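Chains, contacts and geometry: an overview
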Amino acid sequence: MKIIYPGSFDPPTRGHMDIIARAAAMFDEVVVAVMMNEEKMGCFDPAARRDWLLSLVRELPNVTVVEEKGLLMDLAVSVGASAILRGLRDAADYAVERPVADAFRAIAGVETLFMQSSPEHGFVSSRMVRELLKFRGPVADLIPPKIVKDVVTLYAQRREGV
Ligand code: ADP
């Protein structure tokens, strides 16, 4: 079974990687989709997010990374995914995700599967990382070690307008 795991990954966190690694062990193929939304300009360039994810999944042979500007439901169909995978941290995530999943199934016949976050990552979010970066706070425990330096450097360059 092929599954598609979409998100902003702005930036990727240890919570995302936990879901990707567990999904890779469970499904034949995992397509990680960096979704771009022109109305919601991210903090980090989509190409940087994609490159970080590419380097993070290098050791997972059944995981690929794509960048997408269009509709998730079209992408799910075009890559031949049987379902969309979303991570759930808490009831607030579920409240947001449930109507979206219902809509995908009603409109496009695309199923959504949910994977619960591991307890140690339940509080981790890209938003929290961005908040910490803004105040030069400690982010090393929230981001995969491989990309910490890059994320901090790129954020600093962005702030200084380099
Ligand atoms: P989006 O903007 O689409 O919510 P995110 O990059 O914030 O994208 O998250 C992508 C997916 O990963 C979502 O399903 C989100 O719920 C899930 N996710 C985010 N953080 C965690 C975490 N700490 N543990 C498990 N799942 C997570």
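A brief report on the enclosed structure follows. (Residues numbered from 1 in each chain as written. Predicted model: local features only at pLDDT ≥ 70, side-chain atom pairs only at ≥ 80, totals over all residues. Heavy atoms only, no water.)

Another point: the site of the ligand. Taken together, 16 residues sit near the ligand, with Tyr5, Ser8, Phe9, Gly87 and His121 positioned nearest. For the ligand, a nitrogen atom lies 2.9 Å from a polar atom in the backbone of Val124. The protein chains hide 87% of the 550 Å² of surface that the ligand would expose on its own. With respect to the detected pockets, the ligand is housed in the largest pocket. Of all the secondary-structure elements, those providing two or more residues to the shell around the ligand are β1 (2–7), α1 (14–26) and β4 (83–88). Here the residues of the shell around the ligand are counted per class, giving 5 nonpolar, 7 polar and 4 charged. (Near = heavy atom within 4 Å. Polar contact = N/O pair within 3.5 Å; in protein donor to acceptor, adjacent residues only side chain to side chain. Areas by Shrake-Rupley, 256 points an atom, 1.4 Å probe, with all protein chains shown as cover. 1 Å grid on protein atoms, 1.4 Å probe; cavity = no way out; pocket = protein on both sides within 12 Å on 5 of 7 lines; lining within 4 Å. Sits in = over half its atoms within 2 Å of the grid points. Helix = DSSP H or I, 4+ residues; strand = E, 2+ residues; numbered from the N terminus. Nonpolar A, V, L, I, M, F, W, Y, C, P; charged D, E, K, R; others polar.)

Along the chain, His121 turns up in the loop between β5 (111–116) and α5 (126–134). For His121, a relative accessible area of 14% gives the class buried. What His121 contacts, discounting residues up to four positions off in sequence, is Arg14, Gly15 and Asp18. (Buried < 20%, exposed > 50% of the residue type's maximum accessible area, 1.4 Å probe, protein only. Contact = heavy atoms within 4.5 Å.)

Going through the model one piece at a time under the given rule, you end up with 4 aromatic pairs. Ring centres of Tyr5 and Phe9 lie 5.4 Å apart, and the angle between their planes is 70°; this geometry places the pair in the edge-to-face category. Considered together, Tyr5 and Phe9 belong to a single accessibility category, that of buried residues. Following the ring pairs from residue to residue traces out a cluster consisting of Phe44, Trp52 and Tyr155. (Phe/Tyr/Trp six-rings, centres within 6.5 Å; stacked < 30°, edge-to-face > 60°.)

Looking now at the pattern of salt bridges. All chains considered together, the criterion is met by 11 salt bridges. Of the charged contacts, one joins Asp10 and Arg49 as a salt bridge, the two residues approaching to 3.4 Å between their closest N and O atoms. Here Asp10, found in the loop between β1 and α1, pairs with Arg49, found in helix α2 (residues 46–56); they are 39 residues apart in sequence, far enough to count as distant. Between Glu111 and Arg105 there is a salt bridge whose closest N-O contact spans 3.8 Å. (Salt bridge = Lys/Arg side-chain N within 4 Å of Asp/Glu carboxyl O.)

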